[in-house]
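Fold and contact review
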Amino acid sequence: MSRPARALVDAGALRHNLEQVRRRAPRARIMAVVKADGYGHGLSWVAQTLNGSVDAFGVSSVEEGIHLREVGIARPVCLLEGFFSADELPLLAKHRLEPAIHEEGQIKALAQASASLKLSVWLKIDTGMHRLGFAPAKVPEILKQLQRCAAVADIRLMSHFARADIPSDPETLTQADGFLSCVKDLGLESSLANSAGILAWPQSHLDWVRPGIMLYGASPLTQLSAAQLDLQPVMTLQTALIAVHTRCKGDPIGYGGDWRCPEDMPVGVAAIGYGDGYPRHAVGGTPVLVNGMRVPLIGRVSMDMITLDLHTQPQAKVGDPVVLWGQGLPIEEVAKCAGTISYELMCRVTERIPRVVI
Ligand SMILES: *Cc1c(COP(=O)(O)O)cnc(C)c1O
């Protein structure tokens, strides 16, 4: 038998979550965000599963865009970070990749590019994130420059929320109002909402929505769980127990020996660790499912293994299933125990974990 660690990826859950996007934003077109290898789920699998049901895909690099073309995706593909140098432009044109345009150097490159490229671009407007994009006051002038570029065919407008995960944060309304007043007279298609915008800020839906995390079945909102939002986890990271030992009161467990058994107790070892993307910073007590029941993580996370307190499951044995997150164990909860967010846990699942489609 091979090492039991694997990530099950559930096509039904992915389609269900897409339906939730459609239900929340029925009039908007959908750009499915599949950057970072489809948030760790597998770029081509995610894109092929959603293809035909979404209007476009969003990635962060030309390589990701070309990969989509190579696996037969014909829909528009947006490069959310734009292009990085002028020499990429012919590739963008060849593969019909639509870059975000967020700084002046890109406009200079487009101005010098050949009219035959006929690129569709997304002008990025900075409405308060202060990361990428042009200030709203500069947009009319930038737009004129873009429209003068012979290489540019279509122009769309977009901006990105900084704090839409907190439904009570007034900054999100300020961003939405700023974007709307900036784009309302321009007569161009526009896009603002990420997953949190789709779920909590209906006024941000506009022409295009850009869901990422909600497609994968995690909640982007601080106060509502995925289950409360009717989202289903797409990835279930699972493995199995590879050893169970009865340890004595006072025995130290694992590297550093900083966790000691408070009594005689069974300790399980599961084949998963930070070399697989399980977070090394997960604290003692982080929930893990053994045979579908919660047990606490104990001791330090190793590269290939974790140790579990099995005192509530004295009959657990080698080969029993272990779930790290996903079906039955929300990834947000594990992320909180590791001082991070679900996005990072998903993206960090390493290549040695086989993705198994269910
Ligand atoms: C990653 C990204 C998204 C998706 O965000 P989620 O919070 O995962 O929904 C949308 N728009 C842009 C520009 C992004 O970079």
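Placed above this text is the structure.
All values derive from a computational prediction rather than experimental measurement.

**Side note on helix α6 (residues 104–112)**
- Those residues of α6 not exposed but buried are Gln106, Ile107, Ala109 and Leu110. Projected onto a plane normal to the axis of α6, the buried residues spread over an arc of 160° and lie on a single side. Set apart from the buried face of α6 by more than 90 degrees, the exposed residues are Lys108, Ala111 and Gln112.
- Contact partners of the buried residues in α6: α5 (89–95), β5 (97–101), β6 (119–124), α7 (139–148) and β7 (152–158).

**Structural notes on the packing of aromatic side chains**
- Scanning the entire structure with this criterion turns up four aromatic pairs.
- Measuring from centroid to centroid gives 5.6 Å for tryptophan 122 and tryptophan 208, while their planes differ by 80°, and the two rings are edge-to-face. Separated by 86 residues along the polypeptide, tryptophan 122 in strand β6 and tryptophan 208 in strand β9 (residues 208–209) bring together distant segments of the chain.
- Taking the relative accessible area as the measure of exposure, tryptophan 122 reaches 1% and is therefore buried.
- With 6.3 Å between their ring centres and 15° between their planes, tyrosine 278 and tryptophan 325 make a pair best called stacked.

**Some details on the nonpolar core**
- One finds Phe57, Tyr278, Ile306, Leu308 and Trp325 to be the most contacted residues of the largest nonpolar core, which totals 115 residues.
- Viewed by domain, this core spans two of them, domain 1 (11–216) and domain 2 (235–357), each represented by three or more residues.
- Apart from residues lying up to four places away in sequence, phenylalanine 57 is in contact with Met31, Ala32, Val34, Ala47, Leu50, Asn51, Leu68, Ile73, Arg75, Pro76, Val77 and Cys78.
- Grouped together as the second largest cluster of nonpolar side chains are five residues, Ile253, Cys261, Met265 and Val267 included.

**Quick look at the packing of helix α1 (residues 11–24) against helix α3 (residues 43–50)**
- Put simply, α1 and α3 touch, their axes get as near as 10 Å, and they point 55° apart. Considered as vectors, α1 and α3 are oriented oblique to each other. As α1 packs across α3, the resulting crossing turns out to be right-handed. Across the interface between the two elements, Ala11, Leu14, Arg15 and Leu18 of α1 pack against Trp45, Val46, Thr49 and Leu50 of α3.
- Residue composition of the contact of α1 with α3, by class: six nonpolar, one polar and one charged.

**Quick look at the packing of α6 against α7**
- Where α6 meets α7, the closest approach of the two axes is 9 Å, and the angle between their N-to-C directions is 25°. Here α6 is positioned roughly parallel relative to α7, judged by the angle of their axes. Considering only the axes of α6 and α7, their crossing is left-handed. When α6 is examined against α7, the residues Glu104, Ile107 and Leu110 are found in contact with a partner set consisting of Ile142, Gln145 and Leu146.
- Here the contact of α6 with α7 is built from residues that sort into four nonpolar, one polar and one charged.

About the cut-offs
Residues numbered from 1 in each chain as written. Predicted model: local features only at pLDDT ≥ 70, side-chain atom pairs only at ≥ 80, totals over all residues. Heavy atoms only, no water. Buried < 20%, exposed > 50% of the residue type's maximum accessible area, 1.4 Å probe, protein only. Helix = DSSP H or I, 4+ residues; strand = E, 2+ residues; numbered from the N terminus. Arc of directions from axis to C-beta. Contact = heavy atoms within 4.5 Å. Phe/Tyr/Trp six-rings, centres within 6.5 Å; stacked < 30°, edge-to-face > 60°. Core = buried A, V, L, I, M, F, W, Y, C linked by side-chain atoms within 4.5 Å. Domains from an automatic or database assignment. Axes fitted to C-alpha atoms, helices over the stretch in contact; angles between N-to-C directions. Parallel < 35°, antiparallel > 145°, perpendicular 65-115°, else oblique. Left-handed = near helix turned anticlockwise from the far one by under 90°. Nonpolar A, V, L, I, M, F, W, Y, C, P; charged D, E, K, R; others polar.

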